[in-house]
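# Structural overview
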Amino acid sequence: MFRPLLPRLLAGLLVGVCATQAQAGLFDDEEARARINSLRNELAGRIEKVEANHSRAQIELANQIEELKTEIARLRGENEVLTNDLANANKRQKDFYVDLDNRLRKLESTPAAEAPQQQATPAAAADPAAESRDYEAALTQLRGAKYKEAAAGFIAFTKAYPASSFLPSAHFWAASALYQLKDNVGAAEQYNKVATQWPDDSRAPDALLGLASTQQARGDNVGASRSLEKLVAKYPSSSAAQIARQRLKK
């Protein structure tokens, strides 16, 4: 009587086990999919964050490169002007010595009676030589990156030779030396003198650019923008104006 029931019980138990295994397999698949989706979303978020950081780093690097290019262009310009100044100073000093020698020769060839009237000539001719020597000495200090000594030398030169043709350059280089010393107030004063007193001098555009740099260093962005705009308007074809335009775009 019980034997016919045994196959049925076994068959029912087998069906139950298969159903249980099928449900378990289905549950495992759904959990795996959920975990895969979670990992996929997490990975996408990380990739997006990395890309954002990379883009921001690229922008910062590009800005730094532009600033370096601008500074290099400015330094190259100043170096070229400085080299030209030094060459002109050397030439002028030689011309002074030749002129002084010619005057001395003329003095030696004049009659003794005229000597008292000519005695003042050599002393007057010595001043330009001293002027050239003092200017060249300050230039040498600046080229050697001795900014404190150079600033003092150029300022002393402007006081000792107020009528010198080197005066605009002396004020400009005094400003450059003071700027390197981070004396932005003193540098601004010297740059401003060049820009206002000698607007037709070749240093005037660079003086306005230097003035803007000192204003920006002091946090006066409005004043710096005005100086840059004035530079572009007054000296549009100058190399300093090209740099000013780049700064105004930022």
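This part takes up the overall build of the protein chain. Within the protein chain, the secondary structure is distributed over nine helices and zero strands. Relative to its 250 residues, the protein chain shows a buried fraction of 29%. Partitioning the contacts of the protein chain with sequence separation of at least 6, the portion at a separation of at least 24 is 55%. Carbon together with sulfur atoms contributes 56% to the accessible area of the protein chain, which is approximately 16700 Å² in total.

Estimates place the volume of the largest pocket at around 350 Å³. Considering the residues around the largest pocket, the lining is formed by E67, L68, T70, E71, Q216, N221, A224, S225, L228, R247, L248 and K250. Taken together, the elements giving at least two residues each to the lining of the largest pocket come down to α1 (5-109), α8 (221-234) and α9 (239-249). Considered class by class, the residues forming the lining of the largest pocket number four nonpolar, four polar and four charged.

This brings us to the environment of Q242. Following the sequence through the fold, Q242 ends up in helix α9. With 172 residues separating them along the chain, Q242 and T70 place their C-alpha atoms 9.7 Å apart.

Turning our attention to the pattern of salt bridges. Using the criterion set out here, one finds one salt bridge in the structure. With its nearest N and O atoms 3.6 Å apart, the salt bridge here joins R133 to D134. For D134, a relative accessible area of 29% gives the class partly exposed.

Turning to its location among the elements, E131 is positioned in helix α3 (residues 120-143). Within the structure, the side chain of E131 is placed 2.5 Å from the side chain of S164, a separation counted as a polar contact.

Next up on the list: the packing of helix α7 (residues 204-217) against α8. How two helices pack is summed up by the angle between their axes together with the distance between the axes. α8 packs onto α7 with a crossing angle of 165° between their chain directions and a minimal axis gap of 8 Å. It follows that α7 is roughly antiparallel to α8 by the angle criterion. Relative to α8, the crossing made by α7 is left-handed. Contacts between α7 and α8 involve P205, L208, L209, L211, A212, Q215 and Q216 from the first element and N221, G223, A224, S227, L228, K230 and L231 from the second. Split into classes, the residues belonging to the contact of α7 with α8 amount to eight nonpolar, five polar and one charged.

Looking now at the packing of aromatic side chains. Here the structure, examined in full by the defined rule, presents six aromatic pairs. When the centroid spacing of 4.9 Å and the interplanar angle of 45° are considered together, the rings of F157 and Y161 count as tilted. On the accessibility criterion, F157 (1% relative accessible area) is buried. With a relative accessible area of 17%, Y161 lands in the buried category. Each member of the aromatic cluster is reached from another via a ring pair, and the members are Y135, F154, F157, Y161 and F166.

Right, let's talk about helix α4 (residues 147-160) for a bit. Here α4 spans 20 Å end to end across 14 residues, near enough to the 20 Å set by a 1.5 Å rise per residue. For α4, the complete set of buried residues consists of A150, A151, F154, F157 and T158. Down the axis of α4, the smallest arc covering the buried residues is 130°, so these residues share one side. Among the exposed residues of α4, those pointing more than 90 degrees away from its buried face are K148 and K159.

Let us now look at α8. Since the α-helix packs 3.6 residues into each turn, any two residues three or four apart lie on the same face. The terminal C-alpha atoms of α8, which comprises 14 residues, lie 20 Å apart, in line with the 20 Å expected from a rise of 1.5 Å per residue. Residues of α8 that are buried include every one of G223, A224, S227, L228, L231 and V232, and no others. Residues of α8 that are buried in the fold lie against α7 and α9.

Taken residue by residue, the protein chain gives an average pLDDT of 77. The fraction at 70 or more is 67%. Mean pLDDT values for the elements of the protein chain range from 44 in helix α2 (residues 115-118) up to 96 in helix α6 (residues 184-197). Of the regions scoring below 50 in pLDDT, residues 96-105 engages in nine contacts with residues more than four places distant in sequence or in other chains. Here residues 110-126 scores under 50 on pLDDT; set against residues more than four positions off or in separate chains, the count is seven contacts.

The rules behind these values
- Residues numbered from 1 in each chain as written.
- Predicted model: local features only at pLDDT ≥ 70, side-chain atom pairs only at ≥ 80, totals over all residues.
- Heavy atoms only, no water.
- Helix = DSSP H or I, 4+ residues; strand = E, 2+ residues; numbered from the N terminus.
- Buried < 20%, exposed > 50% of the residue type's maximum accessible area, 1.4 Å probe, protein only.
- Contact = heavy atoms within 4.5 Å.
- Areas by Shrake-Rupley, 256 points an atom, 1.4 Å probe, with all protein chains shown as cover.
- 1 Å grid on protein atoms, 1.4 Å probe; cavity = no way out; pocket = protein on both sides within 12 Å on 5 of 7 lines; lining within 4 Å.
- Points joined across faces, edges and corners; volume = space filled by probe spheres on them.
- Nonpolar A, V, L, I, M, F, W, Y, C, P; charged D, E, K, R; others polar.
- Salt bridge = Lys/Arg side-chain N within 4 Å of Asp/Glu carboxyl O.
- Polar contact = N/O pair within 3.5 Å; in protein donor to acceptor, adjacent residues only side chain to side chain.
- Axes fitted to C-alpha atoms, helices over the stretch in contact; angles between N-to-C directions.
- Parallel < 35°, antiparallel > 145°, perpendicular 65-115°, else oblique.
- Left-handed = near helix turned anticlockwise from the far one by under 90°.
- Phe/Tyr/Trp six-rings, centres within 6.5 Å; stacked < 30°, edge-to-face > 60°.
- Expected span 1.5 Å × (residues − 1).
- Arc of directions from axis to C-beta.
- pLDDT = per-residue confidence, 0-100.

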